[in-house]
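If you want the building blocks of each chain, they are given just below.
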Amino acid sequence: MVSLQAQAPGAVDLQAQSDICTKVHSFKNPNRPPPGGARRFKPARQMLGDEIKYLQSKLNIKFDTPTYVSVAAPPSLKPAKHYCDITGLPARYKNPSNGLRFYNVEIYQEVIKHMPPGVDQEYLSLRGANVVLK
Amino acid sequence: MAPGQSSASTPSASTPASNPQNRYRNIRYKSDLYVDDVPNEAYTRDPTDFKVVSDEHEAIVIDNGTSHLRAGFASHSRPYINEPNQAAKFTSRKSVRTVMYGRDCDLDNTAKGYVKPIFDGDILLTNELLETALDYSFHHLSPLSRPLSAGPSAIPHPVVMTERLASPLYSRSITSELLFEAYSVPSVTYGVDSLFAFEGLQARRKGLLSGIGQNKSVSGRSSKRGQHGATFKESAAAEESGLIINMGNMSTTLIPVLNGKSLMNRAKRIPWGGSQASDLTLRLMQLKYPGFPMRVSPRQANYIAHRTLRFATDYETELSTLSSPTVMAKASTSVQFPYPVPDVVHRSEEELAAMAEKRKEQGKKLQEITQKRNRERVGIPYLSDLLGLKDVLDSKVNMTEEEFEDALFHVGYQNEQELTSDIKDLERKVKAARLRAGEVDEETEEIPSFPLVNIPDSELDPEQKQEKRRQRMLKANYDSRIKAKAEKQAEKERLAEQDGAEEVDEEAVDQDRLNDLEAKLLKYDPTFTVEDTMEAISNRQSALVHAFLRGNELQRGVAMKKGGDDAEPTDGAEDDLRSISLDLGIATESSNQYQQQEEELARAYRLHLNVEKIRIPEVWFQPSIAGVDCAGIAELAGYILNSFGEEDKRKMMQCIYVTGGCSLIPNIKPRLERDLTSVLPFRAPLNIITDNSMPFDWPIAQEWPMDPRLSAWQGMAHWARTEEAQKAKISRAEWEECGSSWLKEHRWSNWWDEGHYID
């Protein structure tokens with residue numbers, strides 16, 4: 001049985017493992033053109049933006065042509081249910097000062113009241129409701 | 001990590017302290033899950049299972065996923081390569097460029113810090129990392145292929161590869177470029193991973209493709225599969241229709257298939273997958289236990305998520321039952337992290353007494369040593385000077401005037417006055433030094449005498465009168481000093497008295513009285529029970545938060561009471577408390593201090609999951625919980641299905657196929673069934689198929705017939721040998737002519753609009 005995990009970490013020759021990815025392999029094209037050419041690295045957002053521009057320039061594109069952006073799921077038609085930000089139980093109340101939702105008075109007394117500053121925003125960021133200062 | 005184990009009677013003394021597993025095992029309180037350094041799940045492969053390929057037309061099949069890359073030859077029943085799709089590139093200490101791929105990244109601690117996934121989120125953005133992945137795969141595959149191991153400067157096999165749903169053209173273009181230019185592959189074919197899994201499902205139903213472990217019996221499942229087959233033979237058209245729900249690592253996709261053709265224009269993607277779920281697990285744990293003594297790594301969070309999460313069949317109902325503290329406590333899963341063993345030695349009373357005695361003696365000795373040192377350093381030089389000068393002064397009696405003047409001159413003085421003033425000075429210094437050295441007390445300051453003060457002026461000569469005036473002044477000075485001192489002392493005492501009064505805590509007194517009263521009530525009043533005590537009431541008031549944070553561990557108040565010696569030991573209260581604790585499943589009597597301390601420590605290193613177990617997977621059905629603004633799986637599935645005509649819908653409802661790694665989260669099938677029946681036509685037959693009956697801790701790819709993590713690769717391997725696959729091949733010439741992101745459409749591929757994509 002060949003198992004990579006079977007070897008103790010200390011017994012592994014790191015260089016031998018690294019060679020697998022660094023050495024000149026026989027199956028690789030020796031006359032390969034320099035990779036990438038003039039292309040520079042694009043962040044995902046820019047790449048998708050460029051692609052949308054390109055696709056919009058096409059004349060034969062159909063209205064329902066699936067693209068990376070268009071297959072994104074539509075928003076829900078159901079009203080969003082509210083849950084306690086701390087425990088996840090159904091939220092019946094909302095703290096007016098910071099918008100945290102909570103299940104009952106106990107959660108408020110024991111957790112929300114003693115919250116250090118900033119933690120409420122962290123809880124809110126879990127559901128994307130935090131205040132983002134720009 | 002752990003301090004050296006003492007030889008005393010600790011429970012873990014016999015086991016090596018370096019092994020956290022052993023340390024953990026000795027704790028009385030057993031937790032449900034133990035998390036330590038969690039390596040990537042091992043993938044065991046036996047080379048004899050994989051026959052050597054001699055045909056160069058046989059495809060190399062690569063499932064390039066965001067979490068794992070699987071690669072192998074089309075004729076094999078399972079992939080030879082199955083590695084986490086990650087690489088670490090760095091320059092090591094010996095300034096050697098080191099590149100690690102897959103599980104190898106775990107081998108080195110430096111490499112661990114440099115690990116990067118091949119994909120950027122859900123998208124392939126650069127082919128540099130992909131090249132590492134392919135180098136690794138082809139290197140390991142080459143011994144399995146005769147044409148490849150012959151050493152041509154090319155890959156002689158065609159390549160079949162997966163893409164994401166609606167993969168950006170850019171990603172395809174960089175992949176093709178790499179395959180054709182670096183590896184000179186003869187041809188490449190692309191398709192969508194979950195569609196290949198669907199192909200595999202269909203093939204398996206027709207009996208064209210067996211399970212993973214061909215040689216093992218799959219009795220339990222084969223009958224079930226036969227059942228599916230029977231219903232499907234009724235209608236040939238239904239055979240290739242369905243809705244594929246792929247619960248992937250970075251996203252979840254839903255693709256409808258009608259009459260054997262995928263309808264990509266109606267496919268949808270939810271930006272939520274296993275990786276996001278384990279991120280959420282980590283963030284929830286960090287917020288729940290802000291003071292956790294160690295850093296929980298993302299991989300540990302992933303490990304915890306894999307073993308604890310499950311879908312709630314009816315989320316709202318389960319939540320409302322969980323809102324009771326007792327139910328929540330029972331539903332909790334405790335997760336233990338390794339903790340350092342406390343270095344405490346249990347000693348008998350005599351030993352303790354001996355130790356205290358020894359410590360006292362040592363303190364005394366130390367004090368003496370310091371005193372002696374201080375004396376040597378400060379006292380003696382002044383003292384010898386003083387004694388020398390005093391000798392000179394004393395010798396005046398036995399000397400003539402001249403002799404005395406000579407002696408004075410000898411010690412460096414002009415006259416007697418200078419000598420006496422210096423002696424006084426030195427006396428003051430010596431006294432201060434003695435005080436500092438602790439030889440004399442401040443209190444023993446000698447009381448100066450003022451003999452002339454009380455003698456009337458008439459009896460004194462003028463010189464004495466002057467001296468009397470001086471003495472009076474000195475006396476007044478001295479008296480006022482003494483008075484001030486006394487006042488100060490009185491003030492100090494008064495303050496101390498006040499403080500003492502404050503220290504006698506009113507609350508403690510009240511508490512004592514309350515305890516007394518409650519004890520009496522418990523003893524004599526039959527209507528007053530343990531439940532009615534103040535402590536029980538306050539515990540009840542914080543019971544939910546306690547159950548949420550600490551699961552079924554004892555509440556601190558109760559725990560303190562059962563351990564405390566000052567609590568009333570004789571009456572029934574103690575027994576009642578004990579029985580409560582026993583109900584909670586924990587033995588009350590603490591055998592020794594060491595264990596108690598270790599338990600405390602273990603408790604600090606323990607997490608509890610309860611609501612989170614269903615709260616996190618619920619995001620798939622209600623993405624708004626995690627702030628993702630889109631419809632959940634069930635709503636979206638209903639939306640897609642309802643957009644078809646009645647007949648098509650019925651066909652597709654016969655095969656709702658759930659695949660992808662996250663379909664391993666238990667209970668997905670009943671949940672989906674429940675949610676879909678509510679959005680689909682009344683009493684319409686619904687058939688949900690998953691390959692998730694496999695338990696989570698099952699060793700990957702062993703004996704289990706269907707693994708959702710491998711089903712895409714297997715379907716693809718099957719498809720690669722069909723006629724259709726031969727037609728969909730993109731040759732190098734075509735690629736050069738038609739553009740880098742060009743694609744030949746087939747049933748399981750992404751869409752292609754004619755045109756060239758130039759980036």
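We now turn to the structure provided with this report. If you're wondering where the values come from, they're calculated on a predicted model, not measured in any experiment.

Re the environment of E128(B)
Then comes step 1: Relative to the elements of secondary structure, E128(B) occurs in helix α3 (residues 127-141).
Then comes step 2: Along the sequence, E128(B) and I118(B) sit 10 residues apart, while their C-alpha atoms lie 8.8 Å from each other.

A short note on helix α8 (residues 274-288) of chain B
Then comes step 1: A rise of 1.5 Å per residue sets the reference length of α8(B), with its 15 residues, at 21 Å; its end C-alpha atoms lie 21 Å apart and thus fit the reference within 8%.
Then comes step 2: Across the 15 residues that make up α8(B), a large majority, 12, are buried.
Then comes step 3: Of all the positions in α8(B), only G274(B), S275(B), Q276(B), A277(B), S278(B), L280(B), T281(B), L282(B), L284(B), M285(B), L287(B) and K288(B) are classed as buried.
Then comes step 4: Its buried side turned inward, α8(B) meets α4 (119-125) of chain A together with α9 (298-308), α18 (543-550), β15 (606-609), α22 (611-615) and α23 (618-621) of chain B.

Details of the environment of E724(B)
All names here are of chain B.
Then comes step 1: When you line up the elements, E724 lands in helix α28 (residues 723-727).
Then comes step 2: Sequence-wise, E724 and R747 are 23 residues apart; in three dimensions their C-alpha atoms are separated by 8.7 Å.
Then comes step 3: Excluding anything up to four places from it in sequence, E724 contacts W719, H746 and R747.

Looking at the interface of chain A and chain B
Then comes step 1: Each partner contributes to the interface: chain A provides 76 residues, whereas chain B provides 96 residues.
Then comes step 2: The tally of links between chain A and chain B comes to 4 salt bridges.
Then comes step 3: Among the ionic pairs, E131(B) bridges to K28(A), the shortest N-O distance being 2.5 Å.
Then comes step 4: At the junction of chain A with chain B, the criterion picks out 24 residue pairs in polar contact (both at pLDDT 80 or more).
Then comes step 5: Listed by contribution, the elements that provide at least two residues to the side of chain A that touches chain B are α1 (14-22), α2 (44-56), α3 (105-112) and α4 of chain A.

Regarding the nonpolar core
Soluble globular proteins: nonpolar side chains tend toward being buried together.
Then comes step 1: Formed by 71 residues in total, the largest nonpolar core has its most connected members in I86(A) and W620(B).
Then comes step 2: Both domains that meet at this core, namely domain 1 (47-270 + 694-738) and domain 3 (506-591) of chain B, each give it at least three residues.
Then comes step 3: When residues no more than four places from it in sequence are discounted, the contact partners of I86(A) are L100(A), R101(A), I107(A), V111(A), I112(A), M115(A), Y123(A), F548(B) and R615(B).
Then comes step 4: Of all hydrophobic cores here, the second largest spans 56 residues; its members include Y80(B), L169(B), Y170(B) and L179(B).

Section: the packing of aromatic side chains
Residues and elements named next belong to chain B.
Then comes step 1: In the structure shown here, the tally under the stated rule is 18 aromatic pairs over all chains.
Then comes step 2: Here a set of aromatic residues connected by ring pairs shows up, and it is made of Y289, F292, F337, Y339 and Y605.
Then comes step 3: The ring of F621 carries the charged tip of R671 above its face, separated from the ring centre by 4.2 Å.

Some thoughts on unusual backbone geometry
All names here are of chain B.
Then comes step 1: At S184, a position not held by glycine, the phi torsion is positive, near 50°.
Then comes step 2: Along the chain, S184 falls in the loop between α5 (169-181) and β9 (187-192).
Then comes step 3: The phi angle at N667 is positive, at roughly 80°, despite the residue not being glycine.
Then comes step 4: Structurally, N667 can be placed in the loop between β16 (656-659) and α26 (668-679).

Some words on the sheet that holds strand β1 (residues 33-34) of chain B
All names here are of chain B.
Then comes step 1: The strand order across the open sheet formed by 3 strands is β1-β14-β15, and the pairing between neighbours is mixed. Two strands close off the open sheet at either side, each with one partner strand: β1 and β15.
Then comes step 2: Across 2 bridges, the pairing between β1 and strand β14 (residues 333-336) is parallel. Counted as the bridge partner of L33 is V335 from β14.

Looking at empty space enclosed by the protein
Then comes step 1: Inspection of the entire model under this criterion finds 7 cavities of 30 Å³ or more.
Then comes step 2: Each pocket or cavity is described by its volume, and for the largest cavity that value is around 120 Å³.
Then comes step 3: Taken together, N64(B), F119(B), L124(B), M161(B), T162(B), E163(B), R164(B), S167(B), S171(B), R172(B), T175(B) and Y190(B) make up the lining of the largest cavity.
Then comes step 4: Contributing elements (two or more residues each) for the lining of the largest cavity: β8 (159-163) and α5 of chain B.
Then comes step 5: Classifying every residue of the lining of the largest cavity gives 4 nonpolar, 5 polar and 3 charged.
Then comes step 6: Computed from the structure, the second largest cavity encloses a volume of approximately 80 Å³.
Then comes step 7: If you trace the second largest cavity, you find it lined by E51(A), L55(A), P66(A), T67(A), Y68(A), A166(B), S167(B), L169(B), R172(B), M264(B), N750(B) and W751(B).
Then comes step 8: Of all the secondary structure elements, the ones that give two or more residues to the lining of the second largest cavity are α2 of chain A together with α5 of chain B.
Then comes step 9: The residue makeup of the lining of the second largest cavity, split by class, is 7 nonpolar, 3 polar and 2 charged.

Reading the values: rules and limits
- Residues numbered from 1 in each chain as written.
- Chains lettered and ligands numbered in written order.
- Predicted model: local features only at pLDDT ≥ 70, side-chain atom pairs only at ≥ 80, totals over all residues.
- Heavy atoms only, no water.
- Helix = DSSP H or I, 4+ residues; strand = E, 2+ residues; numbered from the N terminus.
- Expected span 1.5 Å × (residues − 1).
- Buried < 20%, exposed > 50% of the residue type's maximum accessible area, 1.4 Å probe, protein only.
- Contact = heavy atoms within 4.5 Å.
- Salt bridge = Lys/Arg side-chain N within 4 Å of Asp/Glu carboxyl O.
- Polar contact = N/O pair within 3.5 Å; in protein donor to acceptor, adjacent residues only side chain to side chain.
- Core = buried A, V, L, I, M, F, W, Y, C linked by side-chain atoms within 4.5 Å.
- Domains from an automatic or database assignment.
- Phe/Tyr/Trp six-rings, centres within 6.5 Å; stacked < 30°, edge-to-face > 60°.
- Lys NZ or Arg CZ within 6 Å of the ring centre and 35° of its normal.
- Pairing = 2+ DSSP bridges.
- 1 Å grid on protein atoms, 1.4 Å probe; cavity = no way out; pocket = protein on both sides within 12 Å on 5 of 7 lines; lining within 4 Å.
- Points joined across faces, edges and corners; volume = space filled by probe spheres on them.
- Nonpolar A, V, L, I, M, F, W, Y, C, P; charged D, E, K, R; others polar.

Just geometry here; none of it tells us what the structure is for.
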